[in-house]
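Below, each chain spelled out in residue letters.
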Amino acid sequence: MHAEVDQDLCISCGACIDTCPEVFDWNDDEKAHSVVDEVPSELEEQASEAAENCPTDAIQVN
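Keep in mind it's a predicted model, so treat the numbers as computed, not measured.

## Some points on the nonpolar core
- Of all hydrophobic cores here, the largest spans 17 residues; its most connected members are Val5, Cys16, Val23, Phe24, Ala32, Val39 and Ile59.
- Residue assignment for this core shows that the elements contributing at least two residues are strand E1 (3-5), helix H1 (15-19) and helix H2 (44-53).
- When residues of this core are assigned to their parent elements, the largest contribution, 3 residues, is made by H2.
- Those residues in contact with Ile59, other than ones at most four positions away along the chain, are Glu4, Val5, Cys16, Phe24, Ala50, Ala51 and Cys54.

This is how it looks when you write it as structure tokens:
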């Protein structure tokens, strides 16, 4: 599974980082981004939950 954060849609609310800090963190522009190339299988459920909870639908997981 891969996780991508659309930087144009991200509003820096931090919900994804709170939900899955092993996959999401702040970048230099103070927006969330994925810190892994491939989401570890044990974190797929958390990464999907982070995407579902994003208020702007900025996160895509597949």
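Further notes follow.
## Structural notes on the environment of Gly14
- One can find Gly14 in the loop between E1 and H1.
- When the C-alpha positions of Gly14 and Ala50 are compared, they lie 9.8 Å apart, and in sequence the two are 36 residues distant.

## Let's talk about unusual backbone geometry
- Despite not being glycine, Ser12 shows a phi value in the positive range, around 60°.
- The topology assignment puts Ser12 in the loop between E1 and H1.
- Residue classification places Ser12 among the partly exposed residues on the basis of a relative accessible area of 29%.
- Within the chain, Asp57 stands out as a residue other than glycine whose phi angle is a positive 55°.
- For Asp57, the position within the fold is in the loop between H2 and strand E4 (59-61).

Rules of the game
- Residues numbered from 1 in each chain as written.
- Predicted model: local features only at pLDDT ≥ 70, side-chain atom pairs only at ≥ 80, totals over all residues.
- Heavy atoms only, no water.
- Core = buried A, V, L, I, M, F, W, Y, C linked by side-chain atoms within 4.5 Å.
- Buried < 20%, exposed > 50% of the residue type's maximum accessible area, 1.4 Å probe, protein only.
- Helix = DSSP H or I, 4+ residues; strand = E, 2+ residues; numbered from the N terminus.
- Contact = heavy atoms within 4.5 Å.

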